[in-house]
Amino acid sequence: MSVFRSDLDLAVQDATGTGAEADVALNLMTGNIRLSILWTQEMQLSPDDAEQVAQALQRAATESRSMAAASKPDSAPDSQHPSDT
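Computed from a predicted model, the values in this text were never measured in an experiment.

Q: So what's going on with the overall build of the protein? Residues and values would help.
A: Counting secondary structure elements, the protein contains one helix and three strands. Reading the protein from its N end, one meets helices and strands in the order β-β-β-α. By residue count, 22% of the 85 residues in the protein fall in the buried class. Residue pairs at least 24 apart in sequence account for 48% of intrachain contacts in the protein once pairs closer than 6 positions are excluded. Surface summary for the protein: the accessible area is close to 6600 Å², and the carbon and sulfur share equals 52%.

Here you go:
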């Protein structure tokens, strides 16, 4: 089983018809985000497809931040020092 989960909302192919595809995937173990260009070393995107890739990266970044926040222990306020109010 892969630790990567691809963004299923992303459906982008090369604008020149080569069949190359973009993939944005979140590593569920580390929270890192993988951007892959499948079947080639480069691809050209239409403006709409470039926007789709950007949105997929933003979704992955948001989810990665949520994962990181959920894994941090709760920080309780310092009760040793009373406030000056």
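Q: Before we move on, could you go through the sheet that holds strand S1 (residues 4-6) and cite the residues and values that matter?
A: The strands making up a sheet associate through backbone hydrogen bonding, with each pair oriented either parallel or antiparallel. Here three strands make up an open sheet; going across it, the order is S1-S2-S3 and the pairing antiparallel. Every other strand in the sheet has two partners, leaving S1 and strand S3 (33-38) as the edge strands with one partner each. Put simply, the sheet's adjacent strands are angled 35 degrees from each other on average, direction ignored. Here helix H1 (residues 47-71) sits on the sheet and contacts S1, strand S2 (21-27) and S3; the angle it forms with S2, its principal contact strand, is near 5 degrees.

Q: How would you explain unusual backbone geometry if you had to name every residue and give the values?
A: Look at Trp-39: it is not a glycine, yet its phi comes out positive at around 80 degrees. As for its placement among the helices and strands, Trp-39 is situated in the loop between S3 and H1.

Q: Account for H1, naming residues and giving values.
A: Helix length check: H1 (25 residues) gives 36 Å between terminal C-alpha atoms against 36 Å at 1.5 Å per residue, within 8%. Of the residues making up H1, those classed as buried are Asp-49, Val-53, Ala-56, Ala-60 and Ser-64. Along its buried surface, H1 packs onto S2 and S3.

Q: Can you break down the packing of aromatic side chains residue by residue, with the values?
A: For any pair of aromatic rings, the description rests on two quantities: the centre-to-centre distance and the angle between the ring planes. Considering all chains together, one arrives at zero aromatic pairs under this definition. The cationic tip of Arg-34 hangs over the ring face of Phe-4; the distance from NZ or CZ to the ring centre is 4.1 Å.

Calculation notes
- Residues numbered from 1 in each chain as written.
- Predicted model: local features only at pLDDT ≥ 70, side-chain atom pairs only at ≥ 80, totals over all residues.
- Heavy atoms only, no water.
- Helix = DSSP H or I, 4+ residues; strand = E, 2+ residues; numbered from the N terminus.
- Buried < 20%, exposed > 50% of the residue type's maximum accessible area, 1.4 Å probe, protein only.
- Contact = heavy atoms within 4.5 Å.
- Areas by Shrake-Rupley, 256 points an atom, 1.4 Å probe, with all protein chains shown as cover.
- Pairing = 2+ DSSP bridges.
- Axes fitted to C-alpha atoms, helices over the stretch in contact; angles between N-to-C directions.
- Expected span 1.5 Å × (residues − 1).
- Phe/Tyr/Trp six-rings, centres within 6.5 Å; stacked < 30°, edge-to-face > 60°.
- Lys NZ or Arg CZ within 6 Å of the ring centre and 35° of its normal.

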